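Chains, contacts and geometry: an overview
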Amino acid sequence: MSSVTILYVEDEESDVMLLQHVLAKTGIHNPLQTVKDGKEAKDYLAGNPPFGERGLHPLPGLVLLDLNLPYWSGFEVLEWIRQQPQLRRLPVLVFTSSSRPDDIARAYDAGANAYLVKPNALADLTAQALALRDFWLLQNRLPDTLGTRFTAPSTG
Amino acid sequence: MNKSEGRPIEILLVEDSPSDTELTLEALRDFKVRNHVSVVEDGVQAMQFLRRQGLYSETPRPDMIMLDLNLPRKDGREVLADIKGDDQLKTIPIVVMTTSRAEQDVLRAYELSANCYINKPVDFNQFLEVVRSIEAFWLYVVTLPPAPKAGAG
Amino acid sequence: MKPAVIRVLLVEDSDSDALLLQESLGETRPGEFEFTHVECWEEAVRCLRQKQFEVLLLDLLLPDITGRDTFLRARAEAPHLPIVVLTGEANEALGLDAVRHGIQDYLIKGQAYGRQTARAIRYAIERKQVEIALTKAEEALRDSERQLRDWNSELERRVAERTASLEETISDLEDFSHSITHDLRAPLRAIRSFAQILGEECLDCGRPRAQDHINRITGAAARMDKLIQDVLQYSRLARSELRLSPVDVQELLRGIIESYPAFQPPQVEIQIEGPLPHMLGNEAALTQCFSNLLGNAIKFVALGTRPRVRVWAERMGNPKAENRNPKEGRSPKSEKGDKPLPAGAEPPPATNPEPPVTQHASRITHQVSPSSPPLTPRPSVRLWFADNGVGIPKDAQERIFKMFQRLDKSYDGTGVGLTVVRKAIEKMGGKVGLESEPGCGSRFWLELKAVDESRPSGNVEGPSG
């Protein structure tokens, strides 16, 4: 299973805690880094302070992105990522509570790899984490543009 | 979660290997989320299907595309570029499924805005497992994009 | 009343001609005409600017101007003055030309003196007045046309403004309801999820009652979440225009059943007595209605009973036609009550001792949307959903279509499902109703227009409301 760092861009602390709980429960031990707004997300990805130390804050191989963020919206972060030459291929999964068709269409249009609606029941969140694990971390080939070592998908 | 709301999810499978096609159809057939698979065997047919041209004038718009890279007549990479370059089609998620393990191909596919990249296993059971994980993620957990409102032309 | 004197400006360079004219006119009409005589155009202009005249008599051969120029200049100089030109016998063409150019008349010297001249002058004056009046009328007409066009543009502008403002309001409402439901559901998500985590952590804590309490928390939060979603769906439905098209309801039902394991054996048994005729409706809204009706049908069963639902169609359209399904489950009372109201009929008076149940429900529909169009003679189809549930007492049957009404809180539900069904069907121009008795199950029906399955499909706007 790929051991890339996952970057979670989310301002709601409870949602972060829930995800941490569920990742642990489904055996996903990838390092999880969280930032709480668009500016921090850009700084993290660009390696700006206070995220300059790549040993402490490695570049993620997968981004989970909420849309409802203060200062810069999730869309703006996504658009920014797709404009950076080194980050263009970075898989971004939008992870938001909005199920509005306009938001969904815009996210895919702006280059999100997938759109996930935050479920309200823990069981559904667990199912999402499992699907994420099996597909993105086990089967999917992540682009190795970021210098992170990825493990070949396990055959088991 | 993806609520099909009574309508099956439309999948376009672009695959020239009959055995791989058969395996994929088999795996998709029993999935808990209703889906309908259309199959085309080369890149030219794929574009005709998506653009509703020729024989394919009445095709449904796919909610998701599974695309092999090595196709006759028109290469899968070209198809990928064409789809993601078309405003009306680019939001459709594309799951690249291919035998190529080359790092360059992976990079290139993501460069062309493929949504993800899957290596087809040789082993039959593993193949099923892969399709199951595709189903669980793309057909169940993911919310697929709505069709765009009709633009000019 | 003594007519006013007609002041004539006579422009004539020949004294003899002038004298002749004045004398003859003076003879015919004594006192009627008052002459001012000048002998060239320059003097005439001076006079015109100094004095008022009723008519200008103008010789076309003057020392300082002749022919066409004369009458053209005269018209320009005195546009509101009737002009009669005097021309020689050989020059009748010139006279005609003058008339074509807006001169009132011409007189041939030596021919028309005396009475004819007097008449010519008077007619000239009258004609000029008519001409002026006509011109004024034309101007007034053009003004009103312009006014009308302006008002029209103004009206169109206001309509466009109002429409834009209305569309904006609807869009704002859409945004508002999305925000509200989003903001309401977010804390619920936290409550549910963390309560569930607590439940997991508490499994081994040796406090069984704690589990029960936690389950109540998650249960309540789940119900509230569903309620918010249902209300959102209802408000979205209430705001929208439903496009109608022929719907294959049998296929739709099959799809719904296939999509939800809860509707499949062995848990429940749903029997569709097809083939069901196509109906005119909105596919998405009907999907919701069928889901809600089926969901209700399988929910409200007595403990330990396996839910069974039967779906069949009844063709309506002729009030006398008894084209019905003679299967069991219908009491004699409901046979009578099944008769649909004839087109445009008023509901039965309240003093009717035993109003049949179906009319009861129909009456509700009529009351709720008094502006809905009366039954048209076009054939319709009534789709029945009969279940083996606990049944609904008569006095509750009116209420259950209302928002938030739940009859028995021991059963799951938000109380919005039937409200959505009724609203949706009404928006499609149809009706809903119910037959039920406690212990005998319930039979819900919805009625929409039938579709001639041989005709090509088209899109139709439903009545809004």
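Above this text is the structure in question.
An account of the accompanying structure is given in this report.

Scoring rules and cut-offs
- Residue indices begin from 1 for each chain and proceed along its sequence in written order.
- Written order decides the labels, with chains lettered from A and ligands numbered from 1.
- Note on the predicted model: pLDDT of at least 70 is required for a residue's local features to be given, and 80 or more for side-chain atom pairs to be given and counted; whole-chain, interface and lining totals, by contrast, use all residues.
- A helix here means a DSSP run of H or I that spans at least four residues, while a strand means a run of E at least two residues long, and both kinds are numbered starting from the N terminus.
- Partly exposed residues are those whose C-beta has more than 12 but fewer than 20 other C-beta atoms within 10 Å; 20 or more makes a residue buried and 12 or fewer makes it exposed, with C-beta atoms placed from the backbone.
- We call two residues in contact whenever the C-beta atoms placed from their backbones are within 7 Å.
- Here the expected span of a helix is defined as 1.5 Å times the quantity of residues minus one.
- Just so you know the grouping, Ala, Val, Leu, Ile, Met, Phe, Trp, Tyr, Cys and Pro go in nonpolar, Asp, Glu, Lys and Arg go in charged, and all remaining residues, Gly too, go in polar.
- Interaxial angles span 0 to 180 degrees and are taken between N-to-C directions of axes, which are lines fitted to C-alpha atoms, for helices over the stretch in contact.
- These descriptions rest on fixed angle ranges, namely under 35 degrees for roughly parallel, over 145 for roughly antiparallel, 65 to 115 for roughly perpendicular, and the rest for oblique.
- DSSP-based pairing: two strands are paired if at least 2 bridges between them are found.
- Definition of nonpolar core: a set of buried Ala, Val, Leu, Ile, Met, Phe, Trp, Tyr and Cys residues joined via C-beta atoms within 7 Å.
- Arc definition: directions from the helix axis to the C-beta atoms.

1. A word on the overall build of chain A
- A count of helices and strands for chain A gives 5 helices and 5 strands.
- Listing the helices and strands of chain A from first to last along the sequence gives β-α-β-α-β-α-β-α-β-α.
- The 156 residues of chain A split such that 47% are buried.
- Once local pairs closer than 6 in sequence are excluded, the contacts in chain A between residues at least 24 apart make up 69%.

2. Here we look at helix 6 (residues 208-239) of chain C
- For helix 6 of chain C, with 32 residues, the first-to-last C-alpha span of 47 Å sits near the 46 Å given by 1.5 Å per residue.
- Residues C:Ala221, C:Asp225, C:Asp230, C:Val231 and C:Tyr234 constitute the buried set of helix 6 of chain C.

3. Some points on the interface of chain A and chain B
- Between chain A and chain B, the residue contacts involve 30 residues of the former and 28 residues of the latter.
- Counting residues per element, the ones that place at least two in the side of chain A that touches chain B are helix 4 (101-109), strand 5 (114-117) and helix 5 (122-139) of chain A.
- When residues in the side of chain A that touches chain B are grouped by element, the largest group, 9 residues, is from helix 5 of chain A.
- A class-by-class count of the residues in the side of chain A that touches chain B yields 16 nonpolar, 8 polar and 6 charged.

4. A closer look at the interface of chain C and chain A
- Listed by partner, the interface residues are 12 residues for chain C and 11 residues for chain A.
- Top contributing element to the side of chain C that touches chain A by residue count: helix 5 (residues 115-201) of chain C, with 11 residues.

5. Points about the packing of helix 6 of chain C against helix 12 (residues 417-427) of chain C
All names here are of chain C.
- With their axes 10 Å apart at the nearest point, helix 6 and helix 12 run at an angle of 10° to one another. By the angle between their directions, the pair helix 6 and helix 12 is classed as roughly parallel. Listed contacts from helix 12 to Asp230, Gln233, Tyr234, Leu237 and Ala238 of helix 6 are Gly417, Thr419, Val420, Lys423 and Ala424.

6. A few points about the sheet that holds strand 11 (residues 431-436) of chain C
Residue and element names in this part refer to chain C.
- Read from one edge to the other, the open sheet built from 5 strands follows the order 7-9-10-12-11, with strand pairing classed as mixed. The open sheet has two edge strands, strand 7 (269-272) and strand 11, and neither has a second partner. For this sheet, the mean inter-axis angle between neighbouring strands, taken without regard to orientation, is 20°.
- As judged from the 4 bridges shared by strand 7 and strand 9 (residues 308-316), these two strands associate in the parallel manner. Counterpart to Ile272 in the pairing with strand 9 is Val311.

7. Side note on the sheet that holds strand 1 (residues 6-9) of chain A
All names here are of chain A.
- If you walk across this open sheet you meet the 5 strands as 2-1-3-4-5, and the pairing is parallel. Edge positions in the open sheet fall to strand 2 (32-35) and strand 5, since each of these has one partner strand only. When the angles between neighbouring strand axes are averaged without regard to direction, this sheet yields 20°.
- In this sheet, strand 2 lies alongside strand 1 in parallel orientation, the contact comprising 4 bridges. What sits directly across from Val9, in strand 2, is Val35.

8. Here's the deal with the nonpolar core
- Among the nonpolar cores identified, the biggest contains 88 residues, and A:Leu93, B:Val95 and B:Val96 are the most heavily contacted of them.
- In contact with A:Leu93, not counting residues within four places along its chain, are A:Leu62, A:Val63, A:Leu64, A:Leu65, A:Ala112, A:Asn113, A:Ala114 and A:Leu116.
- Residues C:Ile256, C:Ala285, C:Met316 and C:Leu383 belong to the second largest nonpolar core, which totals 50 residues.

9. Examining the packing of helix 1 (residues 15-28) of chain C against helix 5 of chain C
All names here are of chain C.
- Contact geometry of helix 1 with helix 5 gives a least axis separation of 8 Å together with a crossing angle of 85°. With respect to their mutual orientation, helix 1 and helix 5 come out roughly perpendicular. Mapping the contact onto sequence places Leu21, Ser24, Leu25 and Thr28 in helix 1 and Arg115, Thr117 and Ala118 in helix 5.

10. A look at helix 1 (residues 13-25) of chain A
- Given a rise of 1.5 Å per residue, 13 residues ought to cover 18 Å, and the 18 Å separating the end C-alpha atoms of helix 1 of chain A matches this to within 8%.
- All of the buried residues along helix 1 of chain A are A:Asp15, A:Leu18, A:Leu19, A:His21 and A:Val22. Buried residues along helix 1 of chain A cover an arc of 160° about the axis, so they all sit on one side. Of the exposed residues in helix 1 of chain A, those oriented more than 90 degrees away from the buried face are A:Glu13 and A:Ala24.
- Among the structural elements, strand 1 and helix 5 of chain A together with helix 5 of chain C are those in contact with the buried residues of helix 1 of chain A.
- Immediately downstream of helix 1 of chain A, the backbone of A:Gly27 shows phi near 75°, a positive value.

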